[in-house]
Amino acid sequence: MKVLFVCTGNTCRSSMAAAIARRLLEDCEGGRGVRVSSAGVAAFPGDLASPEAVEALAGMGIDLSGHRATLLTADDVGRADLILAMTGDHLQHIKALFPGASGKAFTLAEYAGAFGDVPDPFRQSLAVYCRCAQRLEELVACVVDRLCKSGS
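Predicted model only: the values in this text are computed from it and were never measured.

(A) Geometry of the sheet that holds strand β4 (residues 105–107). Spatially, β2-β1-β3-β4 is the arrangement adopted by the four strands of the open sheet, whose pairing is parallel. The open sheet terminates on both sides in strands that have one partner only, identified here as β2 (35–40) and β4. Taking the axes of each pair of neighbouring strands and ignoring which way they run, one obtains an average angle of 25° across the sheet. Bridge count for strand β1 (residues 2–7) against β2 is six bridges, and the pairing is parallel. Its bridge partner lying in β2, F5 is registered against S38. Its contacts with the sheet put helix α1 (residues 13–25) on β1 and β2, and the angle it makes with β2 is roughly 175°. The sheet strands contacting helix α4 (residues 88–97) are β1, β3 (82–85) and β4, and the helix crosses β4 at an angle near 165°.

Here it is in structure tokens:
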């Protein structure tokens, strides 16, 4: 199973969500076959994760320093079994550009059984990034639990 997290620039939310998911999947037997990636709908390929995202995840014991941004492509969408967008706007954008994504694309919160968007911390304080990372961890933990229970 291939899970794809999507945000705008792929330097903050989706990259953090993917890194958190990888860590959480290590502890789940049913998650061993799950592959995780991330992309952005307006990413500049090769951009580094924001320094605040790297620092926020470092505080959780996760290394994001090697991340490089990826622009969302039709191939990414085609290969993904599950696409999790950070906001309703991202989800609409994905569905409009890639109609085949409709049955497998959701907002992260929706798939996790929660409500709302994951706000963009870009160009804000480290404290905002840390709150974002905590919210992502809560939502991604629900997703990982769901995937592990289903055996992916």
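(B) Seen up close, the nonpolar core. Counting residues in hydrophobic clusters, the biggest one holds 37 residues, and the most contacted among them are F5, M16, L108, L136 and V140. Mapped by element, the contributors of at least two residues to this core are β1, α1, α2 (51–58), β3, α5 (108–112) and α6 (126–150). Ranked by the residues each element gives to this core, the list is headed by α6, at nine residues. When neighbours within four sequence positions are excluded, L108 is seen to be in contact with F5, L84, A85, M86, V118, L136, L139, V140 and V143. Ranked by size, the runner-up nonpolar core spans 13 residues in total, among them V6, A39, V77 and I94.

About the cut-offs
Residues numbered from 1 in each chain as written. Predicted model: local features only at pLDDT ≥ 70, side-chain atom pairs only at ≥ 80, totals over all residues. Heavy atoms only, no water. Pairing = 2+ DSSP bridges. Helix = DSSP H or I, 4+ residues; strand = E, 2+ residues; numbered from the N terminus. Axes fitted to C-alpha atoms, helices over the stretch in contact; angles between N-to-C directions. Contact = heavy atoms within 4.5 Å. Core = buried A, V, L, I, M, F, W, Y, C linked by side-chain atoms within 4.5 Å. Buried < 20%, exposed > 50% of the residue type's maximum accessible area, 1.4 Å probe, protein only.

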